[in-house]
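Now for the letters of each chain:
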Amino acid sequence: RAPISALNDQGAAARLRRRWLPCRGTWTPLLPLHARLIAAGVIPAVPLFYGIDYLLPGETDDLPASYSILEQQLPIQAWGVLHLIAALTMIAGFAGRWPRIAITGCVMSASVLSTMAVGRMAAIIDKPWWDGISGPAILAAVATACWAMAAGYALQIKEPPRDDAG
């Protein structure tokens, strides 16, 4: 048996990690520019495609039963407009390199997608094994990415220096 002092030895823990766990590498997971543009471009594409889908006329004017209780509270075209405004605001901010506009689009998109995720989760919450969880989970994942992008871009904004002497 090892004495109690050996259990408190930090070197013993380090030796155990080196022996049984793979060493941590030196790679920093950064994306090259072309891959970053594609990855970041997927985020505004989601509300853009929702907007187009909700605005295009269907076979009937009736809302399918697949729409959640929250989606049924507004005309489906209103949801389409909300999605399109969010997506186009985000795209304009990215294209023009205007962080506040991009942040606004990200927040708008995150809000609409979060609302849809909650509505779709409410629709499946009482089903066995949460059948259909992928729909709200994907919406929540993209909404979370939008919130994270908005927060990250907000941290990058450089305020002009203020002249308090005046």
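Preceding this section is the structure that the text describes.
Described below are features of the structure shown in this document. Only a predicted model underlies this, so the values are computations on that prediction, with no experimental measurement involved. (Residues numbered from 1 in each chain as written. Predicted model: local features only at pLDDT ≥ 70, side-chain atom pairs only at ≥ 80, totals over all residues. Heavy atoms only, no water.)

Re a nonpolar patch on the surface
Residues Phe49, Ile52 and Leu56 make up a contiguous nonpolar surface patch of about 310 Å² in total accessible area. With respect to the secondary-structure elements, Leu56 resides in the loop between helix H3 (33-55) and helix H4 (76-96). For Leu56, a relative accessible area of 54% puts it in the exposed group. (Patch = residues over 30% accessible without salt bridge, like charges linked within 9 Å, V, L, I, M, F, W, Y side chains within 5 Å. Areas by Shrake-Rupley, 256 points an atom, 1.4 Å probe, with all protein chains shown as cover. Salt bridge = Lys/Arg side-chain N within 4 Å of Asp/Glu carboxyl O. Helix = DSSP H or I, 4+ residues; strand = E, 2+ residues; numbered from the N terminus. Buried < 20%, exposed > 50% of the residue type's maximum accessible area, 1.4 Å probe, protein only.)

A look at the pattern of salt bridges
Under the definition given, this model contains one salt bridge. Linking Glu71 and Arg120 is a salt bridge whose minimum nitrogen-to-oxygen distance equals 3.0 Å. In this pair, Glu71 sits in the loop between H3 and H4 while Arg120 sits in helix H5 (residues 99-124), placing the two residues 49 residues apart along the sequence. Classification of Arg120 by relative accessible area gives buried; the value is 19%.

Here we look at the environment of Leu84
Looking at the element boundaries, Leu84 is found in helix H4. A residue is classified by how much of its surface remains accessible, and Leu84, at 18% relative accessible area, is buried. Spatially, the C-alpha atoms of Leu84 and Gly105 are 9.9 Å apart, while their sequence positions differ by 21 residues. When sequence neighbours within four positions are dropped, the list of residues in contact with Leu84 reads Pro47, Leu48, Gly51, Ile52 and Leu55. (Contact = heavy atoms within 4.5 Å.)

What to know about the side chain of Arg120
Reaching out from Arg120, the side chain makes a polar contact with the side chain of Tyr50 at a distance of 3.5 Å. Those residues in contact with Arg120, other than ones at most four positions away along the chain, are Tyr50, Tyr54, Ser68, Glu71, Pro136 and Leu139. (Polar contact = N/O pair within 3.5 Å; in protein donor to acceptor, adjacent residues only side chain to side chain.)

Details of the nonpolar core
Judged by nonpolar contacts, the single largest core of 20 residues is most densely connected at Tyr54, Trp79, Leu113 and Cys146. Elements with a contribution of two residues or more to this core: H3, H4, H5 and helix H6 (134-156). In terms of residue count, H5 provides more of this core than any other element does, seven residues in total. (Core = buried A, V, L, I, M, F, W, Y, C linked by side-chain atoms within 4.5 Å.)

Looking at the packing of aromatic side chains
What the rule picks out here adds up to two aromatic pairs. Here Tyr50 and Tyr54 contribute two aromatic rings whose centre-to-centre distance is 5.7 Å and whose plane-to-plane angle is 65°, an arrangement assigned as edge-to-face. Residue Tyr50 and its partner Tyr54 are located together in helix H3, separated by four residues, close to a single helical turn. On the basis of relative accessible area, Tyr54 is assigned to the buried category, the value being 2%. Both rings, one in Phe94 and one in Tyr153, keep their centres 5.8 Å apart while their planes meet at 80°; by these two values the pair is edge-to-face. (Phe/Tyr/Trp six-rings, centres within 6.5 Å; stacked < 30°, edge-to-face > 60°.)

Focus: the environment of Asp53
Within the fold, Asp53 resides in helix H3. Given a relative accessible area of 48%, Asp53 falls into the partly exposed group. For the pair Asp53 and Gln77, spaced 24 residues apart in sequence, the C-alpha separation works out to 9.2 Å.

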